[in-house]
Amino acid sequence: MRKSRRAAIALLPVTALALAACSSGGGGGDEGSSGSTDFSTEASGSLKAWGFENADDVGQSRLDYAADQLSDVQIDLDATAFDAQKFTTRLASGDVPDVVQMDRRYVTTYAAQDLILPLDACYSAHDVDPEEQYYPSVVDDVRYGDQVWAVPQFYQPPAIILNKRVMDAAGVTADQIDTSQPDVLVAAIEKMYAESGGVPTTLGLDPVATGQGGLWILGQGGQLTDADGKPTLDDPSNVAGIELLKQITDAQGGFAKVKSFTDSFDTFGDNNQYVTDQVGAQVNAQWYPNVLGAYVGQIQIEAVPFRDQDGNPFSVASGTAFVIPAGAQNKDAACAWMLDLTSQDAWMAAGEARADTIATDGGINTGLFTGSPAADQAIREQYVTETGDAGFDQVIATYYDVVEYGKTFGSSPAGQDIQNELNNAITAALLGDKTPEEALADAQTAAQRAYDNITGG
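Residues numbered from 1 in each chain as written. Predicted model: local features only at pLDDT ≥ 70, side-chain atom pairs only at ≥ 80, totals over all residues. Heavy atoms only, no water.

Enquirer: An account of the sheet that holds strand S10 (residues 281-285) is needed here, citing residue identities and associated values.
Expert: Strand order in the open sheet formed by three strands is S10-S7-S11, and the pairing between neighbours is antiparallel. Strands with a single pairing partner mark the edges of an open sheet, and in this sheet they are S10 and strand S11 (301-304). Adjacent strand axes in the sheet meet at a mean angle of 35° when their direction is disregarded. In the sheet, strand S7 (residues 158-163) pairs with S10 via five bridges, with the strands oriented antiparallel. By the bridge assignment for S10, Leu162 is matched with Ala281. Strand contacts of helix H18 (residues 390-402): S7, S10 and S11, with the helix running at about 20° to S11, the strand carrying the most contacts. (Pairing = 2+ DSSP bridges. Helix = DSSP H or I, 4+ residues; strand = E, 2+ residues; numbered from the N terminus. Axes fitted to C-alpha atoms, helices over the stretch in contact; angles between N-to-C directions. Contact = heavy atoms within 4.5 Å.)

Enquirer: Can you lay out the sheet that holds strand S1 (residues 45-50) for me, pointing to particular residues and giving the numbers?
Expert: Pairing is mixed across the open sheet formed by five strands, whose spatial order is S2-S1-S3-S13-S6. Every interior strand has two partners, whereas the edge strands, strand S2 (73-78) and strand S6 (151-153), have only one. Taken over all neighbouring pairs, the strand axes of this sheet differ in orientation by 20° on average, direction set aside. Relative to strand S3 (residues 99-103), S1 runs parallel, the two sharing two bridges. Note on S3: the bridge partner recorded for Ala49 is Val99.

Enquirer: Residues and numbers for empty space enclosed by the protein, please.
Expert: The volume enclosed by the second largest cavity comes to roughly 60 Å³. As for the second largest cavity, its lining consists of Arg105, Leu224, Thr225, Phe409, Gly410, Ser412, Gly415, Ile418 and Gln419. Of the residues contributing to the lining of the second largest cavity, the split by class is three nonpolar, five polar and one charged. (1 Å grid on protein atoms, 1.4 Å probe; cavity = no way out; pocket = protein on both sides within 12 Å on 5 of 7 lines; lining within 4 Å. Points joined across faces, edges and corners; volume = space filled by probe spheres on them. Nonpolar A, V, L, I, M, F, W, Y, C, P; charged D, E, K, R; others polar.)

Enquirer: Talk me through the pairing of S10; I want residue IDs and the actual numbers.
Expert: With five of its five residues buried, S10 lies for the most part within the structure. Burial along S10 is two-sided: Ala281, Val283 and Ala285 and Gln282 and Asn284, pointing in opposite directions, are all buried. (Buried < 20%, exposed > 50% of the residue type's maximum accessible area, 1.4 Å probe, protein only.)

Enquirer: Tell me about the packing of aromatic side chains, and please be specific about residues and values.
Expert: The relative placement of two aromatic rings is captured by the distance of their centres and the angle of their planes. As enumerated under the stated definition, the model contains 18 aromatic pairs in all. Taking the centre distance of 6.3 Å and the plane angle of 70° together, the rings of Phe52 and Trp337 count as edge-to-face. Remark: Trp337 occurs in helix H15 (residues 331-341) and Phe52 occurs in the loop between S1 and helix H3 (57-69); sequence separation between them is 285 residues. Across this residue pair, the class does not change: Phe52 and Trp337 are buried. Here the aromatic rings of Tyr135 and Tyr155 are separated by 5.6 Å at their centres, their planes lie at 80°, and the arrangement is edge-to-face. You can see Tyr135 sitting in the loop between helix H7 (130-133) and helix H8 (136-141) and its partner Tyr155 sitting in the loop between S6 and S7, a full 20 residues away along the chain. (Phe/Tyr/Trp six-rings, centres within 6.5 Å; stacked < 30°, edge-to-face > 60°.)

Enquirer: Before we move on, can you summarise the nonpolar core with the specific residues and values?
Expert: Ranked by internal contacts, the top residues of the largest apolar core, which has 85 residues, are Phe82, Phe87, Met102, Val107, Tyr110, Ile324 and Trp337. When residues of this core are assigned to their parent elements, the largest contribution, eight residues, is made by H15. Counting 45 residues, the second largest nonpolar core, distinct from the first, contains Met167, Ala209, Ala281 and Ile418. (Core = buried A, V, L, I, M, F, W, Y, C linked by side-chain atoms within 4.5 Å.)

Enquirer: Outline the side chain of Gln252, supporting the account with residue identities and numerical values.
Expert: Tracing the backbone shows Gln252 in the loop between helix H12 (239-250) and helix H13 (255-263). Residue Gln252 is classed as buried on the basis of its relative accessible area, which comes to 0%. Reaching out from Gln252, the side chain makes a polar contact with the backbone nitrogen of Gly204 at a distance of 2.7 Å. Once residues lying within four places of it in the same chain are set aside, the contact partners of Gln252 are Ile189, Tyr193, Pro200, Leu203, Gly204, Leu205 and Val258. (Polar contact = N/O pair within 3.5 Å; in protein donor to acceptor, adjacent residues only side chain to side chain.)

Enquirer: Which residues make up the packing of helix H19 (residues 415-431) against helix H20 (residues 436-455), and what values do they have?
Expert: At a minimum axis distance of 8 Å, the contact between H19 and H20 shows a crossing angle of 165°. Between H19 and H20, the angle falls in the class roughly antiparallel. The handedness of the crossing between H19 and H20 is right-handed. Of H20, the residues touching H19 (which contributes Asp417, Ile418, Glu421, Leu422, Ala425, Ala428 and Ala429) are Pro436, Ala439, Leu440, Ala443, Ala446, Ala447, Ala450 and Ile454. Counted by class, the contact of H19 with H20 contains 13 nonpolar, no polar and two charged residues. (Parallel < 35°, antiparallel > 145°, perpendicular 65-115°, else oblique. Left-handed = near helix turned anticlockwise from the far one by under 90°.)

Enquirer: Break down the state of the cysteines for me, with residues and values.
Expert: Note on terminology: disulfide describes a covalent bond linking the sulfur atoms of two cysteines. For the structure on display, the rule yields one disulfide. The disulfide partner of Cys122 is Cys335, and the S-S distance across this bridge is 2.0 Å. Between Cys122 and Cys335 the disulfide shows an S-S torsion of about 95°. By sign, it is right-handed. Of this pair, Cys122 sits in helix H6 (residues 120-125) while Cys335 sits in helix H15; the two residues are 213 residues apart in sequence, bridging distant segments of the chain. In this pair, the class of Cys122 matches that of Cys335, namely buried. (Disulfide = S-S within 2.5 Å.)

Enquirer: Outline helix H10 (residues 182-192), listing residues and values.
Expert: Residues of H10 that are buried include every one of Leu185, Val186, Ala188, Ile189 and Met192, and no others. Mapping the buried residues of H10 onto a view down its axis gives an arc of 160°, with all of them on the same face. Buried residues along H10 sit in contact with helix H9 (164-170), strand S8 (194-196), strand S9 (199-202) and H12. (Arc of directions from axis to C-beta.)

Enquirer: I'd like a description of unusual backbone geometry, backed by residues and values.
Expert: Glycine aside, negative phi is the norm for most residues, and most peptide bonds take the trans geometry. Phi at Asn54 takes a positive value of approximately 50°, unusual for a residue other than glycine. Counting through the fold element by element, Asn54 comes out in the loop between S1 and H3. Note on Asn54: relative accessible area 62%, which makes it exposed. Positive phi, normally seen in glycine, also occurs at Asp277, with a value near 60°. As for its position among the elements, Asp277 is in the loop between H13 and S10. Asp277 sits in the partly exposed class, given a relative accessible area of 22%.

Enquirer: Can you lay out the environment of Leu185 for me, pointing to particular residues and giving the numbers?
Expert: Mapping Leu185 onto the fold places it in helix H10. Of the residues examined, Leu185 reaches a relative accessible area of 0% and is grouped as buried. Separated by 19 residues in sequence, Leu185 and Gly204 place their C-alpha atoms 9.4 Å apart. For Leu185, the residues in contact, after removing those within four places along its chain, are Gln176, Ile177, Asp178, Thr179, Leu205 and Ile248.

Right, dumping it as C-alpha coordinates:
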(Lines give C-alpha, C1' and ligand atoms only; values in the text may rest on other atoms or scores of the structure.)
Protein backbone atom coordinates (compact mmCIF):
# COMPACT_ATOMS: atom_id res chain seq x y z
CA MET A 1 0.00 0.00 0.00
CA ARG A 2 2.94 2.33 0.51
CA LYS A 3 3.68 2.40 -3.20
CA SER A 4 0.02 3.16 -3.96
CA ARG A 5 -0.01 5.97 -1.44
CA ARG A 6 3.10 7.58 -2.94
CA ALA A 7 1.62 7.22 -6.41
CA ALA A 8 -1.62 8.88 -5.33
CA ILE A 9 0.19 11.86 -3.84
CA ALA A 10 2.32 12.16 -6.97
CA LEU A 11 -0.88 12.48 -9.01
CA LEU A 12 -2.04 15.57 -7.14
CA PRO A 13 -1.66 18.91 -8.89
CA VAL A 14 1.10 20.95 -7.29
CA THR A 15 -1.46 23.69 -6.62
CA ALA A 16 -3.54 21.33 -4.52
CA LEU A 17 -0.66 20.52 -2.21
CA ALA A 18 0.46 24.13 -1.98
CA LEU A 19 -2.94 25.54 -1.29
CA ALA A 20 -4.68 24.55 1.39
CA ALA A 21 -0.17 35.96 0.84
CA CYS A 22 4.18 49.12 -2.89
CA SER A 23 2.99 51.38 -4.79
CA SER A 24 -0.66 52.39 -4.75
CA GLY A 25 -2.64 52.74 -7.91
CA GLY A 26 -6.12 52.79 -9.27
CA GLY A 27 -6.01 49.60 -11.31
CA GLY A 28 -7.82 49.15 -14.57
CA GLY A 29 -5.83 51.77 -16.41
CA ASP A 30 -4.64 51.40 -19.97
CA GLU A 31 -1.01 51.36 -18.99
CA GLY A 32 1.00 49.84 -16.17
CA SER A 33 4.12 51.45 -14.73
CA SER A 34 6.21 49.86 -17.49
CA GLY A 35 4.42 51.81 -20.23
CA SER A 36 2.58 50.34 -23.22
CA THR A 37 0.50 47.23 -22.79
CA ASP A 38 0.39 46.47 -26.51
CA PHE A 39 1.41 42.94 -27.43
CA SER A 40 2.71 41.28 -30.56
CA THR A 41 2.95 37.62 -31.52
CA GLU A 42 6.70 37.85 -32.15
CA ALA A 43 8.24 35.81 -29.34
CA SER A 44 12.02 35.53 -29.09
CA GLY A 45 14.91 36.23 -26.75
CA SER A 46 15.22 35.28 -23.10
CA LEU A 47 12.20 34.72 -20.86
CA LYS A 48 12.48 34.81 -17.06
CA ALA A 49 9.66 32.81 -15.46
CA TRP A 50 8.88 32.18 -11.82
CA GLY A 51 6.71 29.23 -10.80
CA PHE A 52 6.14 25.48 -11.19
CA GLU A 53 7.69 24.43 -7.89
CA ASN A 54 8.10 20.63 -7.89
CA ALA A 55 6.36 20.27 -11.27
CA ASP A 56 4.45 17.00 -11.53
CA ASP A 57 3.62 15.10 -14.70
CA VAL A 58 0.87 17.57 -15.57
CA GLY A 59 3.15 20.57 -15.11
CA GLN A 60 6.22 19.13 -16.83
CA SER A 61 4.32 17.97 -19.89
CA ARG A 62 2.93 21.46 -20.37
CA LEU A 63 6.35 23.04 -19.87
CA ASP A 64 7.73 20.75 -22.52
CA TYR A 65 4.89 21.55 -24.90
CA ALA A 66 5.28 25.32 -24.49
CA ALA A 67 9.04 25.10 -24.97
CA ASP A 68 8.49 23.25 -28.24
CA GLN A 69 6.16 25.99 -29.47
CA LEU A 70 8.64 28.75 -28.62
CA SER A 71 11.83 27.48 -30.19
CA ASP A 72 13.23 31.02 -30.47
CA VAL A 73 12.78 31.71 -26.76
CA GLN A 74 15.32 30.77 -24.09
CA ILE A 75 13.26 30.02 -20.98
CA ASP A 76 14.95 30.61 -17.61
CA LEU A 77 12.64 29.04 -15.02
CA ASP A 78 12.90 29.86 -11.32
CA ALA A 79 11.00 26.80 -10.05
CA THR A 80 10.42 28.03 -6.50
CA ALA A 81 7.16 28.77 -4.70
CA PHE A 82 5.60 32.19 -5.05
CA ASP A 83 6.11 34.47 -2.06
CA ALA A 84 4.28 37.79 -1.84
CA GLN A 85 7.04 39.61 0.06
CA LYS A 86 9.69 38.29 -2.31
CA PHE A 87 7.60 39.41 -5.29
CA THR A 88 7.35 43.04 -4.22
CA THR A 89 11.00 43.05 -3.15
CA ARG A 90 12.06 41.80 -6.57
CA LEU A 91 10.01 44.44 -8.34
CA ALA A 92 11.40 47.21 -6.13
CA SER A 93 14.98 46.07 -6.75
CA GLY A 94 14.56 45.86 -10.51
CA ASP A 95 14.87 42.05 -10.57
CA VAL A 96 11.62 41.71 -12.52
CA PRO A 97 10.52 38.33 -13.90
CA ASP A 98 8.70 38.31 -17.21
CA VAL A 99 5.96 36.01 -15.94
CA VAL A 100 4.95 34.80 -12.47
CA GLN A 101 2.64 32.03 -11.30
CA MET A 102 0.57 32.82 -8.20
CA ASP A 103 -2.70 32.05 -6.44
CA ARG A 104 -5.56 33.89 -8.12
CA ARG A 105 -6.41 35.65 -4.84
CA TYR A 106 -3.31 37.82 -5.30
CA VAL A 107 -3.97 38.92 -8.87
CA THR A 108 -6.35 41.79 -8.20
CA THR A 109 -4.17 43.01 -5.32
CA TYR A 110 -1.33 43.63 -7.76
CA ALA A 111 -3.63 44.90 -10.50
CA ALA A 112 -4.94 47.61 -8.16
CA GLN A 113 -1.35 48.72 -7.50
CA ASP A 114 -0.32 48.69 -11.18
CA LEU A 115 2.30 46.06 -10.37
CA ILE A 116 1.12 43.78 -13.17
CA LEU A 117 -0.09 44.38 -16.72
CA PRO A 118 -3.64 44.02 -18.02
CA LEU A 119 -3.74 41.23 -20.58
CA ASP A 120 -6.69 42.04 -22.86
CA ALA A 121 -4.25 42.97 -25.63
CA CYS A 122 -2.25 39.79 -24.99
CA TYR A 123 -5.34 37.66 -25.50
CA SER A 124 -6.41 39.69 -28.52
CA ALA A 125 -3.01 39.41 -30.23
CA HIS A 126 -3.26 35.62 -30.09
CA ASP A 127 -6.97 35.46 -30.99
CA VAL A 128 -7.90 33.97 -27.64
CA ASP A 129 -11.21 34.96 -26.06
CA PRO A 130 -11.00 34.40 -22.29
CA GLU A 131 -14.80 34.32 -22.11
CA GLU A 132 -14.73 31.20 -24.30
CA GLN A 133 -11.48 29.72 -23.02
CA TYR A 134 -12.39 29.51 -19.31
CA TYR A 135 -15.34 28.89 -17.06
CA PRO A 136 -17.02 32.24 -16.23
CA SER A 137 -16.16 31.91 -12.55
CA VAL A 138 -12.50 31.33 -13.39
CA VAL A 139 -12.07 34.39 -15.60
CA ASP A 140 -14.08 36.46 -13.10
CA ASP A 141 -11.43 35.61 -10.49
CA VAL A 142 -8.88 37.66 -12.47
CA ARG A 143 -11.09 40.44 -13.81
CA TYR A 144 -10.78 43.92 -12.32
CA GLY A 145 -11.78 47.32 -13.67
CA ASP A 146 -13.29 45.68 -16.77
CA GLN A 147 -9.96 44.15 -17.72
CA VAL A 148 -8.47 40.67 -17.41
CA TRP A 149 -5.15 40.64 -15.57
CA ALA A 150 -3.99 37.03 -15.68
CA VAL A 151 -4.04 33.73 -17.54
CA PRO A 152 -5.77 31.33 -15.13
CA GLN A 153 -5.23 27.61 -14.73
CA PHE A 154 -7.03 24.92 -12.74
CA TYR A 155 -10.40 24.91 -11.06
CA GLN A 156 -10.97 21.97 -8.72
CA PRO A 157 -14.52 22.35 -7.42
CA PRO A 158 -15.62 21.19 -3.98
CA ALA A 159 -18.29 18.56 -3.37
CA ILE A 160 -19.19 16.28 -0.47
CA ILE A 161 -17.63 12.81 -0.46
CA LEU A 162 -19.77 10.32 1.46
CA ASN A 163 -18.61 7.34 3.51
CA LYS A 164 -21.33 4.82 2.70
CA ARG A 165 -20.17 2.41 5.37
CA VAL A 166 -20.80 4.95 8.15
CA MET A 167 -24.01 6.20 6.57
CA ASP A 168 -25.51 2.74 6.11
CA ALA A 169 -24.72 1.78 9.71
CA ALA A 170 -26.54 4.91 10.92
CA GLY A 171 -29.45 4.56 8.51
CA VAL A 172 -28.60 7.79 6.67
CA THR A 173 -29.16 8.18 2.93
CA ALA A 174 -27.36 10.38 0.42
CA ASP A 175 -30.34 12.69 -0.08
CA GLN A 176 -30.14 13.67 3.60
CA ILE A 177 -26.68 15.17 3.12
CA ASP A 178 -28.26 18.29 1.69
CA THR A 179 -26.76 21.64 2.64
CA SER A 180 -29.92 23.43 1.47
CA GLN A 181 -31.98 21.69 4.20
CA PRO A 182 -30.24 22.45 7.50
CA ASP A 183 -32.72 20.55 9.70
CA VAL A 184 -32.46 17.39 7.60
CA LEU A 185 -28.69 17.72 7.37
CA VAL A 186 -28.10 18.25 11.09
CA ALA A 187 -30.38 15.34 11.98
CA ALA A 188 -28.36 13.07 9.69
CA ILE A 189 -25.11 14.35 11.19
CA GLU A 190 -26.33 13.57 14.69
CA LYS A 191 -27.19 10.01 13.68
CA MET A 192 -23.67 9.37 12.39
CA TYR A 193 -21.74 11.28 15.06
CA ALA A 194 -19.94 9.16 17.66
CA GLU A 195 -17.68 10.04 20.56
CA SER A 196 -15.76 8.37 23.36
CA GLY A 197 -15.24 10.11 26.68
CA GLY A 198 -16.45 13.36 25.13
CA VAL A 199 -13.94 13.12 22.27
CA PRO A 200 -15.23 12.66 18.71
CA THR A 201 -14.49 9.32 17.06
CA THR A 202 -16.69 9.79 13.96
CA LEU A 203 -18.00 13.04 12.51
CA GLY A 204 -21.28 12.94 10.67
CA LEU A 205 -19.97 15.72 8.43
CA ASP A 206 -16.66 17.52 8.42
CA PRO A 207 -17.60 20.90 6.93
CA VAL A 208 -13.94 22.04 6.76
CA ALA A 209 -15.21 25.29 8.25
CA THR A 210 -12.06 27.39 7.93
CA GLY A 211 -10.77 25.77 4.75
CA GLN A 212 -14.08 25.99 2.88
CA GLY A 213 -15.64 28.91 4.76
CA GLY A 214 -16.28 30.94 1.63
CA LEU A 215 -18.24 28.05 0.14
CA TRP A 216 -20.64 27.99 3.09
CA ILE A 217 -21.04 31.76 3.25
CA LEU A 218 -21.67 32.22 -0.47
CA GLY A 219 -23.81 29.11 -0.71
CA GLN A 220 -26.13 30.49 1.93
CA GLY A 221 -26.61 33.71 -0.05
CA GLY A 222 -23.77 35.80 1.35
CA GLN A 223 -21.26 38.01 -0.44
CA LEU A 224 -17.63 38.73 0.36
CA THR A 225 -17.16 41.75 -1.93
CA ASP A 226 -19.22 44.25 -3.86
CA ALA A 227 -19.05 44.80 -7.61
CA ASP A 228 -16.00 47.05 -7.20
CA GLY A 229 -14.07 44.57 -5.05
CA LYS A 230 -14.67 46.32 -1.72
CA PRO A 231 -15.01 43.90 1.20
CA THR A 232 -18.55 43.27 2.45
CA LEU A 233 -17.89 40.85 5.28
CA ASP A 234 -20.37 42.61 7.57
CA ASP A 235 -23.22 42.19 5.10
CA PRO A 236 -26.16 40.64 7.03
CA SER A 237 -26.48 37.95 4.37
CA ASN A 238 -23.20 36.44 5.58
CA VAL A 239 -24.63 35.49 8.96
CA ALA A 240 -26.63 32.51 7.66
CA GLY A 241 -23.56 30.59 6.53
CA ILE A 242 -21.83 30.97 9.88
CA GLU A 243 -24.98 30.03 11.77
CA LEU A 244 -25.27 26.83 9.72
CA LEU A 245 -21.63 25.98 10.40
CA LYS A 246 -22.25 26.52 14.11
CA GLN A 247 -25.24 24.18 14.03
CA ILE A 248 -23.10 21.54 12.37
CA THR A 249 -20.16 21.83 14.76
CA ASP A 250 -22.30 22.21 17.88
CA ALA A 251 -24.05 18.94 16.95
CA GLN A 252 -20.64 17.24 17.08
CA GLY A 253 -19.20 18.43 20.37
CA GLY A 254 -18.40 22.00 19.36
CA PHE A 255 -15.90 23.58 17.00
CA ALA A 256 -12.88 23.18 19.27
CA LYS A 257 -13.36 19.41 19.49
CA VAL A 258 -14.17 19.09 15.79
CA LYS A 259 -11.09 21.06 14.79
CA SER A 260 -8.81 19.12 17.13
CA PHE A 261 -10.16 15.85 15.77
CA THR A 262 -9.84 16.79 12.09
CA ASP A 263 -6.30 18.07 12.66
CA SER A 264 -5.38 14.52 13.64
CA PHE A 265 -6.59 12.96 10.37
CA ASP A 266 -4.05 11.00 8.34
CA THR A 267 -5.45 12.73 5.25
CA PHE A 268 -2.87 11.42 2.78
CA GLY A 269 -2.09 8.15 4.53
CA ASP A 270 -3.16 4.57 4.98
CA ASN A 271 -5.23 5.55 8.03
CA ASN A 272 -7.11 8.36 6.34
CA GLN A 273 -10.55 9.39 7.57
CA TYR A 274 -12.42 7.18 5.07
CA VAL A 275 -10.39 4.04 5.74
CA THR A 276 -10.82 4.47 9.51
CA ASP A 277 -14.46 5.64 9.35
CA GLN A 278 -13.69 8.93 11.08
CA VAL A 279 -16.17 10.75 8.85
CA GLY A 280 -19.59 10.00 7.46
CA ALA A 281 -19.13 12.81 4.95
CA GLN A 282 -16.63 15.56 4.26
CA VAL A 283 -16.35 18.57 1.95
CA ASN A 284 -13.44 17.96 -0.43
CA ALA A 285 -11.96 19.57 -3.51
CA GLN A 286 -11.75 17.55 -6.73
CA TRP A 287 -8.13 16.54 -6.19
CA TYR A 288 -8.87 14.43 -3.11
CA PRO A 289 -10.29 11.40 -4.96
CA ASN A 290 -6.75 10.99 -6.34
CA VAL A 291 -5.67 10.20 -2.80
CA LEU A 292 -8.58 7.88 -2.12
CA GLY A 293 -7.96 5.98 -5.34
CA ALA A 294 -5.12 4.14 -3.61
CA TYR A 295 -7.65 2.59 -1.20
CA VAL A 296 -10.16 1.00 -3.56
CA GLY A 297 -11.49 -2.09 -1.80
CA GLN A 298 -10.94 -0.57 1.64
CA ILE A 299 -13.50 2.22 1.40
CA GLN A 300 -17.05 2.67 0.14
CA ILE A 301 -17.64 6.18 -1.16
CA GLU A 302 -20.10 8.21 -3.19
CA ALA A 303 -20.55 11.97 -3.55
CA VAL A 304 -23.26 14.61 -3.58
CA PRO A 305 -23.04 18.24 -4.68
CA PHE A 306 -22.81 21.04 -2.19
CA ARG A 307 -26.14 22.87 -2.58
CA ASP A 308 -27.01 26.52 -2.15
CA GLN A 309 -29.89 27.78 -0.04
CA ASP A 310 -32.30 27.21 -2.95
CA GLY A 311 -31.26 23.59 -3.45
CA ASN A 312 -29.15 24.11 -6.56
CA PRO A 313 -25.67 22.59 -6.98
CA PHE A 314 -23.11 25.18 -5.96
CA SER A 315 -19.34 25.49 -6.25
CA VAL A 316 -16.65 28.14 -5.94
CA ALA A 317 -13.61 28.68 -8.12
CA SER A 318 -10.03 28.60 -6.91
CA GLY A 319 -6.68 27.96 -8.50
CA THR A 320 -3.56 29.68 -9.78
CA ALA A 321 -2.77 32.06 -12.62
CA PHE A 322 0.08 33.57 -14.60
CA VAL A 323 0.71 37.33 -14.59
CA ILE A 324 3.15 39.66 -16.31
CA PRO A 325 4.76 42.12 -13.87
CA ALA A 326 5.00 45.79 -14.80
CA GLY A 327 8.55 46.32 -16.00
CA ALA A 328 8.85 42.87 -17.61
CA GLN A 329 11.52 42.97 -20.31
CA ASN A 330 9.98 40.35 -22.60
CA LYS A 331 6.23 40.59 -22.25
CA ASP A 332 5.57 39.31 -25.78
CA ALA A 333 7.33 36.01 -25.02
CA ALA A 334 5.61 35.93 -21.61
CA CYS A 335 2.20 36.32 -23.24
CA ALA A 336 2.88 33.55 -25.77
CA TRP A 337 4.30 31.21 -23.12
CA MET A 338 1.34 31.62 -20.75
CA LEU A 339 -1.18 30.98 -23.48
CA ASP A 340 0.76 27.99 -24.80
CA LEU A 341 0.87 26.49 -21.30
CA THR A 342 -2.92 26.73 -20.99
CA SER A 343 -3.87 25.85 -24.56
CA GLN A 344 -6.03 22.89 -25.50
CA ASP A 345 -3.01 21.06 -26.94
CA ALA A 346 -0.99 21.62 -23.77
CA TRP A 347 -3.79 20.22 -21.63
CA MET A 348 -4.14 17.20 -23.90
CA ALA A 349 -0.40 16.59 -23.51
CA ALA A 350 -0.97 16.76 -19.77
CA GLY A 351 -3.86 14.31 -20.03
CA GLU A 352 -1.64 11.87 -21.88
CA ALA A 353 1.16 12.29 -19.34
CA ARG A 354 -1.25 11.62 -16.47
CA ALA A 355 -2.61 8.51 -18.20
CA ASP A 356 0.96 7.24 -18.68
CA THR A 357 1.73 7.83 -14.99
CA ILE A 358 -1.34 5.89 -13.93
CA ALA A 359 -0.49 3.04 -16.30
CA THR A 360 2.97 2.80 -14.71
CA ASP A 361 2.24 3.48 -11.04
CA GLY A 362 -1.39 2.43 -10.74
CA GLY A 363 -4.28 4.49 -9.47
CA ILE A 364 -7.53 5.87 -10.81
CA ASN A 365 -7.87 8.53 -13.49
CA THR A 366 -10.20 11.14 -12.04
CA GLY A 367 -9.59 13.59 -14.88
CA LEU A 368 -7.95 17.00 -14.97
CA PHE A 369 -9.87 20.13 -14.02
CA THR A 370 -8.01 22.76 -15.97
CA GLY A 371 -10.17 25.88 -15.76
CA SER A 372 -11.12 25.37 -19.42
CA PRO A 373 -14.41 23.54 -20.12
CA ALA A 374 -13.31 22.36 -23.57
CA ALA A 375 -10.08 20.87 -22.21
CA ASP A 376 -11.88 19.25 -19.28
CA GLN A 377 -14.38 17.56 -21.57
CA ALA A 378 -11.77 16.40 -24.08
CA ILE A 379 -9.60 14.86 -21.36
CA ARG A 380 -12.61 13.18 -19.79
CA GLU A 381 -13.70 11.66 -23.11
CA GLN A 382 -10.26 10.35 -23.98
CA TYR A 383 -8.74 9.30 -20.66
CA VAL A 384 -11.39 8.91 -17.92
CA THR A 385 -12.77 5.38 -18.10
CA GLU A 386 -14.80 3.21 -15.75
CA THR A 387 -12.77 2.23 -12.73
CA GLY A 388 -14.49 -1.04 -11.85
CA ASP A 389 -15.75 0.56 -8.63
CA ALA A 390 -19.23 2.04 -9.01
CA GLY A 391 -18.76 4.35 -6.05
CA PHE A 392 -15.60 5.91 -7.45
CA ASP A 393 -17.23 6.29 -10.85
CA GLN A 394 -20.11 8.14 -9.23
CA VAL A 395 -17.70 10.41 -7.31
CA ILE A 396 -15.82 11.31 -10.49
CA ALA A 397 -19.07 12.03 -12.33
CA THR A 398 -20.31 14.24 -9.48
CA TYR A 399 -17.28 16.51 -9.71
CA TYR A 400 -17.74 16.81 -13.47
CA ASP A 401 -21.39 17.69 -12.84
CA VAL A 402 -20.71 20.45 -10.32
CA VAL A 403 -17.85 22.20 -12.14
CA GLU A 404 -20.25 24.20 -14.31
CA TYR A 405 -21.99 25.67 -11.26
CA GLY A 406 -18.96 27.60 -10.03
CA LYS A 407 -19.02 31.15 -8.70
CA THR A 408 -16.10 33.45 -8.09
CA PHE A 409 -15.15 34.33 -4.51
CA GLY A 410 -15.06 37.89 -5.77
CA SER A 411 -12.16 39.73 -7.35
CA SER A 412 -10.78 42.21 -4.83
CA PRO A 413 -7.54 44.11 -4.17
CA ALA A 414 -7.84 42.77 -0.64
CA GLY A 415 -8.65 39.20 -1.71
CA GLN A 416 -6.17 37.39 0.51
CA ASP A 417 -6.95 39.63 3.48
CA ILE A 418 -10.67 39.02 3.02
CA GLN A 419 -10.06 35.28 3.10
CA ASN A 420 -7.90 35.52 6.22
CA GLU A 421 -10.34 37.76 8.05
CA LEU A 422 -13.29 35.56 7.09
CA ASN A 423 -11.53 32.57 8.63
CA ASN A 424 -10.84 34.59 11.77
CA ALA A 425 -14.52 35.56 11.99
CA ILE A 426 -15.71 31.99 11.49
CA THR A 427 -13.33 30.70 14.15
CA ALA A 428 -14.41 33.34 16.69
CA ALA A 429 -18.09 32.75 16.06
CA LEU A 430 -17.92 28.95 16.12
CA LEU A 431 -15.94 29.03 19.36
CA GLY A 432 -18.61 31.30 20.85
CA ASP A 433 -16.14 34.11 21.54
CA LYS A 434 -18.25 36.50 19.47
CA THR A 435 -21.65 36.51 17.85
CA PRO A 436 -21.55 36.04 14.07
CA GLU A 437 -22.47 39.70 13.66
CA GLU A 438 -19.67 40.86 15.97
CA ALA A 439 -17.12 38.58 14.34
CA LEU A 440 -18.05 39.73 10.86
CA ALA A 441 -17.99 43.39 11.87
CA ASP A 442 -14.46 43.04 13.23
CA ALA A 443 -13.41 41.15 10.12
CA GLN A 444 -14.87 43.88 7.92
CA THR A 445 -12.91 46.57 9.76
CA ALA A 446 -9.63 44.72 9.22
CA ALA A 447 -10.39 43.84 5.59
CA GLN A 448 -11.49 47.40 4.78
CA ARG A 449 -8.27 48.72 6.28
CA ALA A 450 -6.29 46.39 4.01
CA TYR A 451 -8.37 47.44 1.00
CA ASP A 452 -7.79 51.13 1.75
CA ASN A 453 -4.06 50.59 2.18
CA ILE A 454 -3.82 48.85 -1.18
CA THR A 455 -6.02 51.22 -3.15
CA GLY A 456 -5.02 54.45 -1.43
CA GLY A 457 -8.39 54.77 0.26
